Structures are given as structure tokens and as C-alpha cells.
Amino acid sequence: MKTDHYDVVIAGSGIAGSLIAKTLTRAGKKVLLLEAGLQAGVALDSDGAYNNYMSYLDRFYNAAAKVPNSPYPILKDAPTSNVLDVVKLTPGGPPPPGYLVQMGPLPFASDAVRGPGGTMLHWLGTTLRMLPNDFKMKTVYNQAVDWPITADDLRPYYEMAELEIGVSGEVSEQTYPDTPAPKAYFGKDYVFPMHKIPQSYLDTEIAKGVQNMTVKLNKRQYKINCISTPQGRNSTPNAKYPYRDVIWNKAEKKLKLTGLLGEKYDYNPVPSIWDAYTGQRCEGNASCVPICPVQAKYNPLKTLKRSNFDHLTIITQAVASTINIDEKTKEVTGIVYKRYNNPDSPEYTTGVAAGKIYVLAANAIENAKILLASGAANSSDQVGRNLMDHMVMLTWGLTKEKIYPYRGPGSTTNIATFRDGPFRSEHAAWISPFDNWGWSWPVFSPGSDVSDGLAMGLFGKQLRDYLNERLTRQFLLHFECEQSPDPDNRVTIDHQYLDPLGNYKPIIHYYATDYMLKSMEAAKTVSDQIFAANGIEDHTVYNPVTDAGYVTYKGQGYTYRGAGHIVGTHRMGFNKHDSVVNHEQRTWDHPNLFLAGCGNMPTLGTSNPSLTMTALTFKAAEAILKQLEK
Amino acid sequence: MANNRADLFLEISALLTGFNKAELQGTGMVATYYNTVANIPQDPNYSDQELAANEANVGFFFEEVNSILKENKKDESKLQQAIAGRLMPLSAYNGLAQSIITLWYTGSWGANVVNAQAYIQGLMWDTAEAHPPGAKQPGFGSWSFPPL
Ligand SMILES: Cc1cc2nc3c(=O)[nH]c(=O)nc-3n(C[C@H](O)[C@H](O)[C@H](O)COP(=O)(O)OP(=O)(O)OC[C@H]3O[C@@H](n4cnc5c(N)ncnc54)[C@H](O)[C@@H]3O)c2cc1C
Ligand code: SF4
């Protein structure tokens, strides 16, 4: 069955797909959106949206392991990665069960959501920009690759992304290493749509001892700089924020930020998708990962809801499998999808979605898989390669005074000091967010503390006091190390590994180079100095037997965890030999095929990738509109 | 006996958790948890034999609780000793006392969350002077101050 002919066909309704659908339909283009997840999840009317979202929340409450994917339906026909499947790999052994076929030697430790709205349903919401040197790693540090665009090129698109997501933050506090001062880097008068999310009590207490302390690393001294973190969750609107919308300017052939000329305008925080009075402010639910109950945190359904539905058709439960290509013109002629009625049954019907332009926006790993399955866009042999994530090393300890974690959004402050510096020619850079949720990530606190107390024979008031002393002092620090691109860290496919609909399961080859291991060693020395200087009793344990991401370097053990930042599998570059897409996110090989998502990023930087990816997606939307109106 | 047992359950729950009876009642979970412990309604996943064994174990547990409370009415430190020695070991009544503590603190019974309310009412969140993630949200900016 072939669909009508659309201007643009998009696969995937995460931020990448939803943003293109919204921007294009509002410019009057006819769009078809294919989405692998359930029909119920795309409900945008008040009752439907509310009921479906509350079913997610209820699933979360009832889940024994409250992992990122716990609120969302598990679909046999559109399976996804899950951190519960991340286990220690045995060399030479068969891959463990799970959607990702983990060939190792190390497990890829991040997951994604397959459902309307995509993975940002359970993102944390951190929205940092990349730093200038992140775009030119080769030139400055002789590492990795340069981007074909600079931080300056991306600036107007960053501003669009910050409006789309609704960023709360203080520009004046964004002081980064080796980066022009905020006024120069962000623009003289630029402010974020909303003021910063208040930093946690924990942040203030820890920063008292950490701000400006000196640490030594590789014989150099660094002054620690703790700053507030910009984030995509609703706070108090900033009266100085000028923008209201991003619109297609037909005459100039550009996307433009617009204000309301001459009118006084207050930025309106974007509420929940079910009513205008819920989610206007972050209420401190402290469950942003895996689900914000009030939708004060941005999710892509908010973007999708602002599409022009006169021009938008959505087909759900439709899993894009391959793309058809005209051998002569190299043009894409359709996206082949398998549509299931019941997600637990292997029955499906096949359709072909047809349009002038096609966009794959199904997440970095899925995009690569679809391209590989179609033999498409791969003249550079880069499809599936350079898979990256932030390798997150955690350190944790007990503070002397009570700092009261388990309150507020996951993280509100970060140490920016090691985001850039000459050490990048030797080892990876990192960002260190303070974590507001105690030791829940590494050791499943507070449940594990209850078990510990019981194992000590405690009960009654003694148990209660023990837990109170312990839970109110738990400090957790992240070291999110920038993984550099490596052609051998990659996604491949094989007929041996198929899902119930007969689509390929992604096969993952993954390891950590010395460049990464060295950064964990360096980060640990920084952590040790911070803990020692502040009387934080170190409780960090890296367990060689039970930790899936246990690695050793120079005889010392470290454990990395996944950050959820799946990046690099169809990278952008300078020419058709070094990359899959150009700076407009169009594939070099197929004139009417665009890719959207973090797969396009040549390197990762030390920022969480979605803001940058959203900026790139605006660039893609602009290029598509230009191409349609040629 | 059933009523009596339910009273005993509340009594011993307070002693095991360190939360007083009013605090426990405030969670609204007393009846649900009593039924969880007493396996009411009966879990269809168990064989008749397992059910009978469990029923007996729970019966002995409450008899023991009853005697401990009676014998040590006047002496708080003896009461504590009796609980420590006769209820808390994992070998005593299949570790039922520890399971009851875990139930109150986390809302989980074995590997399962009893229900959504059980998760939300978990005592560990109060103990941390916080709130369960995803519920009882304290309001914008509250996290920037120490708890009330
Ligand atoms: C725990 C966690 C926390 C995170 N926190 C942050 C953060 O704080 N800051 C940040 O910047 N980033 C964060 N991220 C990363 C962020 O979630 C991703 O970068 C982002 O979701 C990618 O968006 P996307 O639209 O490209 O893909 P996705 O959001 O994954 O969306 C893909 C969409 O495509 C659909 N789809 C998949 N396959 C098919 C197919 N074959 N056919 C049709 N449809 C398909 C899916 O159902 C989904 O709707 C986090 C991730 C995780 C896991
Ligand atoms: S802290 Fe709570 S209200 Fe705020 S964004 Fe996170 S989950 Fe939503």
C-alpha cells in the first residue's frame, strides 16, 4: 500500500521529528509522520493526553526498578534498549539478552524510548551549549575531527532551540573555560526565556567549600568554577526575553526568530499538553528522569502539539524498516514501514510512505540501522561508526553537615572547569554536574540503605535515626567524559539478529580507548581532592564483578555508566568521503534524504547533546524548506 | 483473632519502624499492609502447601508478638531486647519482621511494589526529609532551602 504523496515524510516523533513536522506544517507544507510507538501516546487532546500520561505515571509508581524506561510501554514489535539489560560481558561469550546485541568488549550502557515523543520523555533536561573549541578538536588539540561549522555559525539556531525547549537559566553565570565571557559568547543582550531554576540547598552547601578551590591535575593548577546549569524546565519568565516564535521567512529563505513588534510581551512557559494550568512551574517532583508528572519539564509532544494539523498526518504503530532508492537519480522514492495492530503479535502490514523529501529522525542507532538495512547513504563507510556517549564516572560520599538530597530537579549546578583545556590533547574533557538525588543512581538508595540498616540489625528508632543521618548527607558527583569518535565503536546489522517484525536488531561493538580511560584516572584525582578538602567521606566503590562498565587503567579500576547520549552514528562533515551528511543535515549520497538527531554530531563536547542537536534540526528544517521552494 | 492480629500488626509495626502509630495510620496503608503480610486475599501463585506453611508462620509470628508485648509491658529496654533477639534475626519466622520493616520503608513486598500508594507512602522518603520522586511535590524552589 502506498500513501498519498506528501511534501515531506518523517520517521520518528522525538524532538528531531516533531520539530521538523511543526516547522514545516506551519510553513504550509504537507507532512506525513511515521511513528513506531502506540497510537495512545500521540493523543494531544486534553482527555486523551491526560489519561495516557497518567497511565505512564502509574506504571512508574508500580515499577520495582524505577529505571528511565519504567513508565513507558514495552513493545515487542518496536523493542528498545533498556538499562536493565546492561550487564557485564564475558569475553567470547554470546551476547546477553536484550534489544541491543552487545558484542563488546564493553557494553553500550544507554537506552532510548520508543514511543510518541521519544527519549526526551525521560531526559533530565540539561540544556548547555557546546564550547567554541568543541567544534575544532582536530585543529586545536589534534584529536578527533573538526565540525564543518563553528559555534558562531550555530548561534542563531541555538537561540531557536532555547526558545523551542523553553530554557531556564542565567546567561551571566555561564562562564566557561577558554570561552569568551557570557556577553561575548551569547551576545550582548541575550537572555534565556526564563530565569534560572533555583539551585538546590545541596549545591549551595557544597559550593561553599568547592567554589574557587585549587586542584592539581597533570602538574597544572585549576581553580574550580561551579555554575548554575541551564535546563529545559519551567521557571520564572525573564521579562527581558524578546522572542516569541520561529517562522519561515519566504522572502529571505530563512527561519527567523520573531518578537511581537512594539507590543509588551511576557514569555509564557509552555504548560502540560493536557491543560494550560499544569506545569507552568517546576514543582520539585524530583522524578524528571524517568517522568515529570506535571510536564513542567520540556518534552517533544509540546512541540508536536504546536504543529499545523491541517497539514499533518500521523501514522502510529508504523516502524520504518528500509528506504527505497532510485538507482539512477539516487533519489529516495519511499520509506517502507511495517504497521502492527497489536504490539505483542508478529503480524503486520507493509506500507510505503511517499513524498518529495524524506527525513529519518528515529534516534542515532535506529537511523544507522535503517540506512544499513537499505544500503543507503554509505559511500563514506561512516554509517553506524563513531558511536559515542558520555562515559559517566560517578563518585559518592557522605558530607559532614546535612545537605538534604532527594529534592528538586536532578541537577542544578555543575563544575565547568574541565570542559576545555590543553589536557584535551592527552585525555577527554568532562563536565561535573552535582547530583541532587543522593546515591540513587550508583547504589539504588534509599532502598539499599534500608537493607544496609537491617543487615546491621537495626530496627525502630535506631534504624530511623541511622537512615536519617545517612540519607540527608549523601553527595553524588558525576564526571561525564566526552567520548571521542572511533570508527570501531559502531552499529552493524546481521540477518541472525531480527526483532519479531523481522527488522534488524542493532549489533553494537563498543570499547573505551586509552584517551577515555586516562580521563577517568584524571577525574578520580580531581574527585579525591574535592572530597578530601571538604571532609566528604568517600564511599565510592567500583566493583569488578558486578559493575557492567568496570574498566581498569594502570592497575586501577573505574566504572563508567551510560549518559543516554547516543551520538555520532551518521556524522556530518566536510565532504562525501569523511561523513554521511553535510552541514545542512542532508545526506551526501541522496539529494532528498535528510537525517536528524544526535547521529549527525561529529563529536560530543561536554554538553548534553540535545540542545545542540535541536539547533542542528532547525538548520535541517530550514534547508528542507529552501529545497522545497526552489 | 483477625481484629486482634490487625491491632498487633500496628503495634509491632510502630516498634519495628520507629514511627509511632499515629504516623503509621497517617499513611493510610495499615490495612493494606496487614493484608499483605497475612496474604489476604490469597496469592494464586502459591500452592496449597505453601499457603498453609505461610499461614502457620504468620500465626506463630503474631503469637510471638503477642507474648513479647505482654511480657515486656513495663520495661522498654527489655522489650527492645526481646524484639532484637526473638523477631529480628532472619532465621525467626522467615525474616518476617525484616520484611515488615522493608514493606513500611519502601512499599515493596518481596520483589514487588505493593501498589502505587505503597510506593508513595514509603517511610524512607520522610526519613530522608524529602518526598517520593514523582509525588507529594513540595513546590517551586522549595529545594533551595533546608527542609521545614
Ligand atoms: C536517561 C536519559 C537522560 C537524558 N538527559 C538528557 C539531558 O539532560 N540533556 C540532553 O541534552 N539530552 C539528554 N538525553 C538525551 C536525549 O534524550 C536524546 O538526545 C534525544 O531524545 C534524541 O532525540 P531524537 O528525536 O533524535 O530521538 P528520540 O528521542 O529517541 O526519538 C526517536 C523517535 O523515533 C521513533 N522511532 C524509533 N524507531 C523508529 C522507526 N523505525 N520507525 C518510526 N519511528 C521510530 C521513536 O518511537 C521515537 O519517537 C537523555 C537521555 C537519557 C536516556
Ligand atoms: S523536579 Fe519535578 S516538576 Fe520539576 S521538572 Fe523534575 S519532575 Fe518535573
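In this text the structure is predicted, and so the values were computed from the model without any measurement.

Asks: Can you tell me about the overall build of chain B, naming the residues and giving the values?
Replies: Helix and strand counts for chain B stand at 8 helices and 2 strands. Of the regular secondary structure in chain B, the N- to C-terminal order runs α-α-α-α-α-α-β-β-α-α. Counting the 148 residues in chain B, one finds 48% classified as buried. Across chain B, contacts joining residues at least 24 apart in sequence account for 49% of those joining residues at least 6 apart. Carbon and sulfur atoms make up 52% of the accessible area of chain B, which totals about 7,300 Å². Computing the positive centroid from 8 side-chain charges and the negative centroid from 14, chain B places the two 10 Å apart.

Asks: Give me the lowdown on the overall build of chain A, citing residues and values where you can.
Replies: Secondary structure assignment for chain A yields 13 helices and 22 strands. Scaling as 2.2 N^0.38, a compact globule of 630 residues should have a C-alpha radius of gyration of about 25 Å, and chain A matches this with 23 Å. Expressed as lengths along the three principal axes of its C-alpha atoms, the size of chain A is roughly 70 × 65 × 55 Å. Each of the 630 residues in chain A was classed as buried or not, and the buried ones make up 64%. Counting contacts in chain A only where the partners sit at least 6 residues apart, residues at least 24 apart contribute 74% of the total. Of the roughly 22,200 Å² of accessible surface on chain A, a fraction of 52% belongs to carbon and sulfur atoms. Within chain A, the 62 negative side-chain charges are centred at a point lying 3 Å from the centre of the 63 positive side-chain charges.

Asks: Mind laying out the packing of helix α4 (residues 151–165) of chain A against helix α13 (residues 610–628) of chain A, listing which residues take part and the relevant values?
Replies: A pair of packed helices is captured by two measures, namely the crossing angle of their axes and the spacing between those axes. Residue and element names in this part refer to chain A. Between α4 and α13, the least distance of the axes is 8 Å, while the angle of their chain directions is 110 degrees. Comparing their axes, α13 and α4 come out roughly perpendicular. Residue-level contacts link Leu154, Tyr157, Tyr158, Met160, Ala161, Glu162, Glu164 and Ile165 of α4 to Leu611, Thr612, Thr614, Ala615, Leu616, Phe618, Lys619 and Glu622 of α13.

Asks: Can you explain the interface of chain B and chain A? Please cite residues and give values.
Replies: How large an interface is tends to be reported as the accessible area lost when its parts come together. Taken together, the contacts link 43 residues of chain B with 46 residues of chain A. Together chain B and chain A conceal approximately 3,400 Å² of surface at their shared face, both sides included; 66% is due to carbon and sulfur atoms. Along the contact surface separating chain B from chain A lie 2 salt bridges. A salt bridge links Lys402 of chain A to Glu129 of chain B; the shortest N-O distance between them is 3.8 Å. At the boundary of chain B with chain A, the tally comes to 16 residue pairs in polar contact (both at pLDDT 80 or more). The set of elements that each furnish at least two residues to the side of chain B that touches chain A consists of α1 (2–17), α5 (76–87), α6 (96–106), α7 (116–120) and α8 (123–127) of chain B.

Asks: I'd like a rundown of the pattern of salt bridges, residues and numbers included.
Replies: Residues and elements named next belong to chain A. One pass over the structure, following the stated rule, counts 34 salt bridges over all chains. Taking the shortest distance from any N to any O, the salt bridge between Arg114 and Glu366 comes out at 2.9 Å. Here Arg114 is found in the loop between β3 (101–105) and α3 (137–141), whereas its partner Glu366 is found in helix α8 (residues 364–374), with 252 residues between them in sequence. Under the relative-accessibility criterion, Glu366 is labelled buried at 8%. Each member of the salt-bridge network shares a partner with another, and the members are Lys29, Lys250, Lys253 and Glu629.

Asks: Would you mind going over the side chain of Asn414 of chain A in detail, with residue names and values included?
Replies: Residue and element names in this part refer to chain A. Mapped onto the elements of the fold, Asn414 is located in strand β14 (residues 413–415). A polar contact is formed between the side chain of Asn414 and the side chain of Thr229, at a distance of 2.9 Å. Ignoring any residue separated from it by four or fewer positions in sequence, one finds Asn414 in contact with Leu128, Asn225, Cys226, Ile227, Ser228, Thr229, Ile431, Ser432, Pro433 and Phe434.

Asks: Would you mind going over the packing of helix α4 (residues 48–71) of chain B against α6 of chain B in detail, with residue names and values included?
Replies: Residues and elements named next belong to chain B. Across the interface, α4 lies against α6 with an axial gap of 11 Å and an inter-helix angle of 90 degrees. In this view, α4 runs roughly perpendicular relative to α6, as classed from their interaxial angle. Contacts from Asn57, Val58 and Phe61 in α4 reach Leu96, Ala97 and Ile100 in α6. Considering only residue class, the contact of α4 with α6 consists of 5 nonpolar, 1 polar and no charged.

Asks: Now, about the site of ligand 2: what can you tell me, with residues and values included?
Replies: Around ligand 2 lies a shell of 13 residues, among which Arg233, Cys282, Asn285, Cys288 and Cys292 of chain A are the nearest. Considered class by class, the residues forming the shell around ligand 2 number 7 nonpolar, 3 polar and 3 charged.

Asks: Just give me the short version of the site of ligand 1, but keep the residues and values in it.
Replies: Residues and elements named next belong to chain A. Every one of the 37 residues lining ligand 1 counts as a neighbour, but Glu35, Gly115, Thr119, Asn363 and Ser610 are closest to it. The backbone of Ser13 places a nitrogen or oxygen atom 3.5 Å from an oxygen atom of ligand 1. Within the backbone of Thr126, an N or O atom sits 2.9 Å from an oxygen atom of ligand 1. Protein contacts shield 96% of the accessible area of ligand 1, which totals 990 Å² for the unbound molecule. Looking at the shell around ligand 1, the elements with two or more residues in it are α1 (15–26), β10 (318–325), α8 and α13. If you tally residues by element for the shell around ligand 1, the top one is β10, at 3 residues. Residue composition of the shell around ligand 1, by class: 18 nonpolar, 15 polar and 4 charged.

Asks: Before we move on, can you summarise the environment of Ala523 of chain A with the specific residues and values?
Replies: Residues and elements named next belong to chain A. One can find Ala523 in helix α12 (residues 514–533). Classification of Ala523 by relative accessible area gives buried; the value is 0%. Sequence-wise, Ala523 and Ser432 are 91 residues apart; in three dimensions their C-alpha atoms are separated by 9.2 Å. Discounting chain neighbours no more than four positions away, the residues touching Ala523 are Met393, Trp430 and Phe479.

Asks: Which residues make up the environment of Val9 of chain A, and what values go with them?
Replies: With respect to the secondary-structure elements, Val9 of chain A resides in strand β1 (residues 2–11). Sequence-wise, Val9 of chain A and Gly334 of chain A are 325 residues apart; in three dimensions their C-alpha atoms are separated by 8.5 Å.

Asks: Lay out the sheet that holds strand β17 (residues 490–492) of chain A in plain terms, naming residues and giving numbers.
Replies: All names here are of chain A. Read from one edge to the other, the open sheet built from 3 strands follows the order β3-β18-β17, with strand pairing classed as mixed. Of all strands in the sheet, those with a lone pairing partner are β3 and β17, marking the two edges. Within the sheet, the average angular offset between the axes of one strand and its neighbour, ignoring direction, is 20 degrees. Strand direction decides the pairing type here: β3 and strand β18 (residues 507–510), joined by 4 bridges, are parallel. Looking at the pairing, Val101 lines up with Ile507 of β18.

Asks: Outline helix α2 (residues 46–62) of chain A, listing residues and values.
Replies: If you check α2 of chain A, its first and last C-alpha atoms are 24 Å apart, about what 17 residues at 1.5 Å a residue would give, namely 24 Å. Along α2 of chain A, the residues classified as buried are Ala49, Asn52, Tyr53, Tyr56, Leu57, Phe60 and Tyr61 of chain A.

Asks: Lay out the environment of Tyr50 of chain A in plain terms, naming residues and giving numbers.
Replies: Residues and elements named next belong to chain A. Position of Tyr50 among the secondary structure elements: in helix α2. A relative accessible area of 38% means that Tyr50 is categorised as partly exposed. In this structure the C-alpha to C-alpha distance between Tyr50 and Ile273, which are 223 residues apart in sequence, comes to 7.8 Å.

Asks: An account of the packing of aromatic side chains is needed here, citing residue identities and associated values.
Replies: Within the structure shown, the criterion is met by 38 aromatic pairs over all chains. Where Phe61 of chain B meets Phe62 of chain B, the ring centres are 5.5 Å apart and the plane angle is 80 degrees; that geometry is what we call edge-to-face. Assigned by exposure class, Phe61 of chain B and Phe62 of chain B land together as buried. Grouping aromatic residues by their ring pairs yields a cluster made of Phe9, Tyr33, Tyr34, Phe61, Phe62, Tyr93 and Trp104 of chain B. Taking the ring centre of Tyr6 of chain A as reference, the NZ or CZ of Lys30 of chain A above it sits at 5.0 Å. Across from the ring centre of Phe60 of chain A, 5.5 Å away, lies the NZ or CZ of Lys66 of chain A, which sits over that ring.

Definitions and cut-offs
- Position numbers for residues count from 1 along each chain, tracking the sequence in the order it is written.
- Throughout, the order in which chains and ligands are written sets their labels, letters from A for the former and numbers from 1 for the latter.
- Only residues with pLDDT of 70 or above have their local features reported here, since the model is predicted, and side-chain atom pairs are shown and tallied only from 80 upward, although totals for entire chains, interfaces and linings are computed over all residues.
- To get the side-chain values, take all heavy atoms of the structure and skip hydrogens and water.
- Secondary structure elements follow DSSP: runs of H or I no shorter than four residues count as helices, runs of E no shorter than two count as strands, and numbering proceeds from the N terminus.
- Think of it in three bands: residues with accessible area under 20% of the maximum for their type are buried, residues over 50% are exposed, and the middle band is partly exposed, with areas taken using a 1.4 Å probe on protein chains only.
- The criterion used for residue contact is that any of the two residues' heavy atoms lie within 4.5 Å.
- The Shrake-Rupley method, run with a 1.4 Å probe sphere, supplies the accessible areas, and residue values consider only the shown protein chains as cover.
- By the counting scheme adopted, Arg and Lys are positive, Glu and Asp are negative, and His together with the chain ends is not counted.
- Charge coordinates come from a single atom per side chain, which is NZ of Lys, CZ of Arg, CG of Asp or CD of Glu.
- Our radius of gyration looks at C-alpha atoms and nothing else; its globule reference is 2.2 Å times the residue count to the power 0.38.
- Axis definition: a line fitted to C-alpha atoms, over the contacting stretch in the case of helices. Angles run 0 to 180 degrees between N-to-C directions.
- To sort the angles, those under 35 degrees are grouped as roughly parallel, those over 145 as roughly antiparallel, those from 65 to 115 as roughly perpendicular, and the leftovers as oblique.
- As a working definition, buried area equals the accessible area (1.4 Å probe) given up by two parts on being put together, with both sides summed.
- The salt bridge criterion pairs a side-chain nitrogen of Lys or Arg with a carboxyl oxygen of Asp or Glu, the two atoms within 4 Å.
- Side-chain atoms alone can form a polar contact between residues adjacent in sequence; in general such a contact is a pair of N or O atoms within 3.5 Å, and within protein one must be able to donate a hydrogen while the other accepts it.
- Residue polarity is assigned by list, with Asp, Glu, Lys and Arg as charged and Ala, Val, Leu, Ile, Met, Phe, Trp, Tyr, Cys and Pro as nonpolar; anything else, Gly included, falls into the polar class.
- When at least one non-hydrogen atom of a residue lies within 4 Å of a molecule or strand, that residue is treated as near it.
- Think of it this way: DSSP has to see at least two bridges between two strands before they count as a pair.
- The length a helix should cover is 1.5 Å for every residue beyond the first.
- Side-chain rings of Phe, Tyr and Trp, where Trp is taken by its six-membered ring, are said to pair if the distance between their centres is within 6.5 Å; with planes under 30 degrees apart they count as stacked, over 60 as edge-to-face, and otherwise as tilted.
- Any Lys NZ or Arg CZ found within 6 Å of a ring centre and within 35 degrees of that ring's normal is scored as a charge over the ring.

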